[in-house]
Amino acid sequence: MEPDTQHHHVSMKGPRSLGVVIKLGTSSIVDEKTHEPLLSNLTLIVETAVKLRKDGHKVIIVSSGAIGVGLQRMDVERRPKHISKLQALAAIGQCRLMSLWDSLFNHLRQPIAQILLTRSDISDRSRYLNAQNTIHELLDMGVIPIVNENDTLAVSEIKFGDNDTLSAITAAMVHADLLFLMTDVDCLYDKNPRTNPDAQPIEVVEDIGALVADVSQAGSSLGTGGMSTKIVAARLATSAGVTTVITRSSNPGNIHKIVRHIQGSRSPASLTTQVNHPSAVSLASLNNDSGSATGTSTLAVAANPSSEQAPAVIDRSQIPLHTRFLPSPSPVRDRYFWILHGLRPHGTLYIDQGAYKALLGKAGLLPVGVVDVEGFFAQQEAVRLCVVDKRRSTPGPDGKMWEGEAVEVGRCLTNYASAEIARIKGHQSMEIGQLLGYADSEYVAQRESVSFFNTVSRPASPIGGHRA
């Protein structure tokens, strides 16, 4: 993991240390009915994290559970619905939760640290960088940071979205190599394995956009997430270049085995090790696409092409069942990631095709390319960028200044407020001073303040298959 600079994989022979983020849900920490801490499972998680540290890896834990522990402390049977009560229980439970983590890690002489974040911490660029720098410093000191949302201060919701999203943002913030999303199933399936005995596991996902999987597993009664939130988190993390793994939380030792497998391959993002298996089946065939099952499972790990050492032979029986989401080949990082995922958009700019092409060519957004503006926002606030097919000279029957569908392509920070953009849209930059009485910039948005969603898709389909 690296600081807020351009990320590079250093070429070297042999394995290298990895940045590993482990996300644990409330159901992995406390019993859903009694709310008692699951000490046996927590002990295994601690042992796994310490093993990873001894192997030279940098480990971060994103831990839910404060409210669940608070329920047990106050003898409350059910998770309340009122925000104030949830915040109070989180305040009670967070200190006990950290005390529990510290006690378990102390047995193995492993120091830990508490990092509590809110959405506002991520939205503010200075606080975002401060959090990033603090986590990097802790990792350099050999400390395992334990991250959670500061639920006591969350005012709009008690969740970040959920801790799956928080873990993905944390992994992207520190340029982690691997994000583990622990859940109550081994991996993703094409159908619900609890009700369909013939459900096929999906082991590798190369293109989340093409993924068809069962996401009917809801979160526990104590937590806020489910399988669908893990897919969203995987999409977010992989867009930032983080390999994301879904595996069973009741077997924390699987994390160490999977990391050792990846470490044994020489660099984490690009090597594909082919493992033939007679029962492997392509997702295309599961979805009745034209593709055919190849009987080949792609286990995604990286290799250093400059190394002379041949890839290790993979013993399939030793690799725990899991779903691995491969990182984007063109990741979005640092400031561009923060613009896309750290900020909540306050409005929308509709731009024409010419403006979109200019932005792709690294030019700034000029007012002449803006078709319409929606919402109320100030200068330097984040807005959605939507591209329209054809602009109109006057509003149509629907009141819109364009025809066809508007496609959201990214986000940007604007140099002007919404009311100002409404007055200068469609005009040349030289007219801004005349229209507004001042001209702070010739651009509605500077190019370095524009970030696009990653739309690159790999041609190969996700692979699913049974294990022998």
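For the structure, see preceding data.
Owing to the predicted nature of the structure, the values given are computational and were not obtained by experimental measurement. (Residues numbered from 1 in each chain as written. Predicted model: local features only at pLDDT ≥ 70, side-chain atom pairs only at ≥ 80, totals over all residues. Heavy atoms only, no water.)

Going through the model one piece at a time under the given rule, you end up with three aromatic pairs. Between Trp101 and Phe105, the ring centres sit 6.0 Å apart and the planes meet at 35°, which makes this aromatic pair tilted. Remark: Phe105 and Trp101 occur in helix α3 (residues 83-106); sequence separation between them is four residues, near one turn of the helix. The burial state of Trp101 is the same as that of Phe105; both residues are buried. For the cation-ring pair, Arg125 lies above Trp338, with the distance from its terminal atom to the ring centre recorded as 5.1 Å. (Phe/Tyr/Trp six-rings, centres within 6.5 Å; stacked < 30°, edge-to-face > 60°. Helix = DSSP H or I, 4+ residues; strand = E, 2+ residues; numbered from the N terminus. Buried < 20%, exposed > 50% of the residue type's maximum accessible area, 1.4 Å probe, protein only. Lys NZ or Arg CZ within 6 Å of the ring centre and 35° of its normal.)

Attention shifts here to the nonpolar core. Ranked by internal contacts, the top residues of the largest apolar core, which has 48 residues, are Leu179, Leu188 and Phe325. At the level of secondary structure, the elements contributing two or more residues to this core comprise β2 (58-63), β3 (112-117), α5 (125-140), α6 (163-173), β5 (178-183), β7 (201-205), α7 (227-239) and α10 (334-342). Beyond its immediate stretch of four places on either side in the chain, Phe325 contacts Leu188, Val205, Ile208, Leu211, Ile231, Ala234, Thr238, Val242, Thr243, Thr244 and Ile246. Residues Ile29, Leu42, Leu178 and Val245 belong to the second largest nonpolar core, which totals 32 residues. (Core = buried A, V, L, I, M, F, W, Y, C linked by side-chain atoms within 4.5 Å. Contact = heavy atoms within 4.5 Å.)

Moving on: unusual backbone geometry. Positive phi outside glycine occurs at Arg109, with the angle close to 60°. The backbone of His175 shows a phi angle near 60°, a positive value even though the residue is not glycine. In this fold, His175 is placed in the loop between α6 and β5. A relative accessible area of 3% means that His175 is categorised as buried.

Taking burial as the measure, the six residues of strand β1 (residues 19-24) include six buried ones, the bulk of the element. Burial of the side chains of β1 extends over both faces: Gly19, Val21 and Lys23 are buried on one face and Val20, Ile22 and Leu24 on the other. Of the strand pairs in this sheet, β1 and β2 are connected by six bridges, and their pairing is parallel. Paired with Ile22 across the bridge in β2 is Ile61. Assessed by its sense of winding, the connection that carries the chain from β1 through helix α1 (residues 39-54) to β2 is right-handed. Sheet topology places β1 next to β5; four bridges connect them, and they run parallel. From the neighbouring strand, Val20 faces β5, where its bridge partner is Leu178. (Pairing = 2+ DSSP bridges. Right-handed = clockwise from strand over helix to strand, strands pointing away.)

Between α1 and helix α8 (residues 253-263), whose axes approach to 8 Å, the crossing angle comes to 25°. In terms of orientation, α1 lies roughly parallel with respect to α8. Packed against α1, whose contacting residues are Thr48, Lys51 and Leu52, the element α8 presents Gly253, Ile255, His256 and Val259 at the interface. Classifying every residue of the contact of α1 with α8 gives three nonpolar, three polar and one charged. (Axes fitted to C-alpha atoms, helices over the stretch in contact; angles between N-to-C directions. Parallel < 35°, antiparallel > 145°, perpendicular 65-115°, else oblique. Nonpolar A, V, L, I, M, F, W, Y, C, P; charged D, E, K, R; others polar.)

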